[in-house]
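Geometric and topological summary
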Amino acid sequence: MPPLSIWYTRVATVHLLTGFTIGALMLANKGVAFAPWLWRLRPAHMELLLLGWLVQFAMGVAFWIVPRRWEQPRRGNVIGARIALVLLNAGVVLVVLGSLVQDLPALTAVGRLLELLAALAFVSHIWPRVVGREG
Amino acid sequence: MPTVTRWYLKSSFLYLLAAVGVGVWLALRGLAPVPAFLAFVQPVYVHLFLVGWVTQLIFGVVYWLFPPPREGDRHDAVWWATFILLNIGLLLRVVAEPAATPRPGSVWGWLLVLSALLQWAAALGFAYTTWPRARRRGRYSHERRQQAEES
């Protein structure tokens, strides 16, 4: 597994743990109400698990297993994938913060924009690697 | 494909079928008489997809695809525990959530608390086993592959 995939999958696992922790607290609160404010964490729960966990984990595994070239560098120009890792996580953090701080809706907008840029950066890296055996 | 992976994958396919089935049931609201508790089934529908299907599929594939740990022990007991915790937790949610939502604090509510604990413990189990396996292939796996080729 290449180092960049290790980063993607490990950070995704951190998001999984955080998202599951928030989800478990919300679910328990639904069963036996002890902290009604927990419901405000629902957007953060969704963001962490959809973008932080599922999307990020899929990107990490895709970077690892999508075909490599015969010549060096085997995975081509990886700058797009590196940038995507940083932008995606910055985006997720900003969107989560934006969902918690009600007075700053711009945080969510900037976070979503960073996620879009992350997706563009990742696709620009992975697109040329989606090829058949003949290359 | 390892036995652990087969259990995760086959279970995830069952959740996919269940989720789509619940989706059909939910779509019947307004078209046909449906039970009242269906009003509280929407979160169950979403989690059957995202936890039962997608997340469980990923867990199973990780066990199969990720490099083995350096020490060679995949911690199968933890993977099985994770499988059991995730599935019992999710099934408990399926049963308890529609009943508990209109009656928080009832027995169903406490079952929902148990469901939350079990699923959270499953996430811990996954992180514990997967973290050391997100790594570069080391000498151990290389040597093992060579032995397999020679034998």
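Residues numbered from 1 in each chain as written. Chains lettered and ligands numbered in written order. Predicted model: local features only at pLDDT ≥ 70, side-chain atom pairs only at ≥ 80, totals over all residues.

Let's talk about the nonpolar core
Rules: The term nonpolar core refers to a set of buried Ala, Val, Leu, Ile, Met, Phe, Trp, Tyr and Cys residues connected through C-beta atoms within 7 Å. Put plainly, a residue is buried at 20 or more neighbouring C-beta atoms within 10 Å of its own, exposed at 12 or fewer, and partly exposed in between, counting only other residues' C-beta atoms, which are placed from the backbone. Only DSSP runs of H or I reaching four residues or more are called helices, and only runs of E reaching two or more are called strands; each is numbered from the N terminus. What counts as a contact here is a pair of residues whose C-beta atoms, placed from the backbone, lie within 7 Å.
Of all hydrophobic cores here, the largest spans 65 residues; its most connected members are Leu 48, Ala 84, Leu 88 and Ala 118 of chain A together with Leu 112 and Ala 116 of chain B. Looking at this core, the elements with two or more residues in it are α1 (3-31), α2 (42-65), α3 (79-100) and α4 (105-126) of chain A together with α1 (3-27), α2 (42-65), α3 (76-100) and α4 (107-130) of chain B. By residue number, the principal contributor to this core is α2 of chain A, which donates 10 residues. Not counting chain neighbours up to four residues away, the residues in contact with Leu 88 of chain A comprise Leu 51, Gln 56, Glu 115 and Ala 118 of chain A.

Focus on the environment of Ser 106 of chain B
Residue and element names in this part refer to chain B. Along the polypeptide, Ser 106 turns up in the loop between α3 and α4. With 15 C-beta atoms packed within 10 Å, Ser 106 lands in the partly exposed category. Counting along the chain gives 41 residues from Ser 106 to Leu 65, while the straight-line C-alpha distance between them is 43 Å.

Topic: unusual backbone geometry
Cis geometry is found at the peptide bond from Gln 72 of chain A to Pro 73 of chain A, where omega equals -10 degrees. The backbone phi angle of His 75 of chain B is positive, close to 60 degrees, even though this residue is not glycine. Along the polypeptide, His 75 of chain B turns up in the loop between α2 and α3. Taking the number of C-beta atoms within 10 Å as the measure of exposure, His 75 of chain B has 18 and is therefore partly exposed.

A closer look at the interface of chain A and chain B
When the parts come together, some accessible area is lost, and that loss is often what is quoted as the size of the interface. Test applied: Residues are grouped as follows: Ala, Val, Leu, Ile, Met, Phe, Trp, Tyr, Cys and Pro are nonpolar; Asp, Glu, Lys and Arg are charged; all remaining types, including Gly, are polar.
Listed by partner, the interface residues are 18 residues for chain A and 25 residues for chain B. When grouped by side-chain class, the residues that make up the side of chain A that touches chain B number 12 nonpolar, four polar and two charged.

Points about the confidence of the model for chain B
Rules: Here pLDDT means the predictor's own confidence in every residue, given as a number from 0 to 100.
Considering every residue of chain B, the mean pLDDT works out to 91; 91% of them sit at 70 or more. Complex prediction metrics read pTM 0.91 and ipTM 0.91.

Overview of the packing of α1 of chain A against α4 of chain B
Each pair of packed helices can be described by the angle between their axes along with the distance between the axes. For the record, the criterion: Lines fitted to C-alpha atoms define the axes here, with helix axes fitted over just the stretch in contact, and angles between the N-to-C directions of these axes take values from 0 to 180 degrees. Oblique is the label for every angle not falling under 35 degrees (roughly parallel), over 145 degrees (roughly antiparallel), or within 65 to 115 degrees (roughly perpendicular).
Running from N to C, α1 of chain A and α4 of chain B cross one another at 170 degrees; their axes reach a closest spacing of 7 Å. Taken together, the axes of α1 of chain A and α4 of chain B lie roughly antiparallel to each other. Here Thr 13, Leu 16, Leu 17, Phe 20, Thr 21, Ala 24, Leu 27, Ala 28, Lys 30 and Gly 31 of chain A of α1 of chain A come into contact with α4 of chain B, specifically with Gly 109, Trp 110, Leu 112, Val 113, Ser 115, Ala 116, Leu 117, Gln 119, Trp 120, Ala 123, Ala 127 and Thr 130 of chain B. Residue composition of the contact of α1 of chain A with α4 of chain B, by class: 14 nonpolar, seven polar and one charged.

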